[in-house]
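# Architecture and fold: a report
In case you want the letters, here they are:
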Amino acid sequence: MNKAKRKVVIAGNWKMNFTPSEADKFIREIKPMLAGKSGCEIVFCAPYVTIAAAQKAAEGSNINIGAENVHFAEKGAYTGEVSAAMLKECGVQYVIIGHSERRQYFAETDATVNARVKAALAAGMTVILCLGEVKEQRLSGITREVVSMQTKLDLEGVTAEQMKNVIIAYEPVWAIGTGLTATPEQADETCGQIRDALAEIYGREIADGTTIQYGGSMNEKNAAELLAKENVDGGLIGGASLVPEKFKVIVEAAGN
Ligand code: 13P
């Protein structure tokens, strides 16, 4: 059993929700509810403009505030984008990269995801790399091939040393925001397949030490069963990360 060796991370992905004042209110409400919970690392990834308010409200707590994306260039003519150095200077350690909504709606490819991953790691950030199959791929029985290819392409050029700062979030696209959840067995199997791909690249030891979260309609009802699986080391939570009571139950399901 290698699970015990791995860091468990429960992260909320707020997506395009919460203005700064709403984030402030949310964090102040959930802070006492999560106080003293040490069974996992707790992160909320927030819209750029909301990060500062969330950080201020989270001061002195076990809550980390991350970002939802980062650009691949160090600086320059990229109107509307935010660099890793900018996030670092704002005290942001965690960043989501390659979320399926970025891939679907904003033309993100494995090549741009890979470039962003390398830029974030070079700046010393911790990456939450999202990947997962679409419904048709699962139905055609090629999930292993898809997640294995994404793992290899998205991590191309990432060193074994840098893998200490990589968390992978397995997010089946058909389960995101749909209320459909992968069964614990499906989540465990596919996280295991991602781990196999990591082992091919970096060897078993690094693969067995890498945190792999499940994301996709994880909620207060199904979290315990999913998190109990050998290959599932945490969760990336959308909808349920906007409701303090639900998120608290998920954190507790990860251990106290
Ligand atoms: P939901 O939990 O709303 O399905 O979203 C999952 C997700 O996309 C987390 O990144």
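A short tour of the structure in this document, coming up. Here the structure is a predicted model, which means the values were calculated and not measured.

What follows covers the overall build of the protein. Within the protein, the regular secondary structure consists of 11 helices and eight strands. In summary, the protein has a C-alpha radius of gyration of 17 Å against a globular reference of 18 Å for 256 residues, a match within 12%. Principal-axis analysis of the C-alpha atoms gives the protein an extent of 45 × 45 × 35 Å. Within the protein, buried positions represent 53% of all 256 residues. Nonlocal contacts in the protein, meaning residues at least 24 apart in sequence, comprise 73% of its contacts between residues at least 6 apart. In the structure as shown, the protein presents an accessible area of about 11200 Å², 55% of it carried by carbon and sulfur atoms. With 27 positive and 32 negative side-chain charges, the protein shows a spacing of 3 Å between the two charge centroids.

Counting residues in hydrophobic clusters, the biggest one holds 65 residues, and the most contacted among them are Ile27, Phe44 and Leu155. With near-sequence residues (within four places) excluded, phenylalanine 44 lies in contact with Gly12, Trp14, Phe26, Ile27, Ile30, Leu34, Ile63, Asn64, Ile65, Gly66, Ser241 and Phe247. If you look at the next biggest cluster of nonpolar residues, it comprises 11 residues, including Val43, Ile96, Ile128 and Ile167.

A separate point is the pairing of strand 7 (residues 212–215). With burial as the criterion, each face of strand 7 is covered, one bearing Ile212 and Tyr214 and the other bearing Gln213 and Gly215. Here three bridges tie strand 6 (residues 166–170) to strand 7, and the two strands are oriented parallel to one another. Paired with alanine 169 across the two strands is glutamine 213, which belongs to strand 7. Taken together, the two bridges between strand 7 and strand 8 (residues 234–237) define a ladder with parallel strand orientation. The residue of strand 8 that forms the bridge with glycine 215 is leucine 236.

Here we come to the site of the ligand. Around the ligand lies a shell formed by Asn13, Lys15, His99, Glu171, Ala175, Ile176, Gly177, Gly216, Ser217, Leu236, Gly238 and Gly239. Take glutamate 171: an N or O atom from its side chain is 2.9 Å from an oxygen atom of the ligand. Glycine 239 places a main-chain nitrogen or oxygen 2.9 Å from an oxygen atom of the ligand. When the ligand sits alone it has 310 Å² of accessible area, and the protein chains cover 95% of it. When the residues that make up the shell around the ligand are grouped by side-chain class, the tally is three nonpolar, seven polar and two charged.

Let us look at helix 1 (residues 20–34). Compared with an ideal rise of 1.5 Å per residue, which puts 15 residues at 21 Å, helix 1 spans 20 Å between its outermost C-alpha atoms and is within 8% of the ideal. Of the positions making up helix 1, those classed as buried are Ala23, Phe26, Ile27, Ile30, Met33 and Leu34. Where helix 1 terminates, the next one or two residues include glycine 36, which has phi positive at roughly 80°.

Rules and cut-offs
- Residues numbered from 1 in each chain as written.
- Predicted model: local features only at pLDDT ≥ 70, side-chain atom pairs only at ≥ 80, totals over all residues.
- Heavy atoms only, no water.
- Helix = DSSP H or I, 4+ residues; strand = E, 2+ residues; numbered from the N terminus.
- Rg over C-alpha atoms; globule rule 2.2 N^0.38 Å.
- Buried < 20%, exposed > 50% of the residue type's maximum accessible area, 1.4 Å probe, protein only.
- Contact = heavy atoms within 4.5 Å.
- Areas by Shrake-Rupley, 256 points an atom, 1.4 Å probe, with all protein chains shown as cover.
- Lys, Arg positive; Asp, Glu negative; His and termini not counted.
- Charge placed at Lys NZ, Arg CZ, Asp CG, Glu CD.
- Core = buried A, V, L, I, M, F, W, Y, C linked by side-chain atoms within 4.5 Å.
- Pairing = 2+ DSSP bridges.
- Near = heavy atom within 4 Å.
- Polar contact = N/O pair within 3.5 Å; in protein donor to acceptor, adjacent residues only side chain to side chain.
- Nonpolar A, V, L, I, M, F, W, Y, C, P; charged D, E, K, R; others polar.
- Expected span 1.5 Å × (residues − 1).

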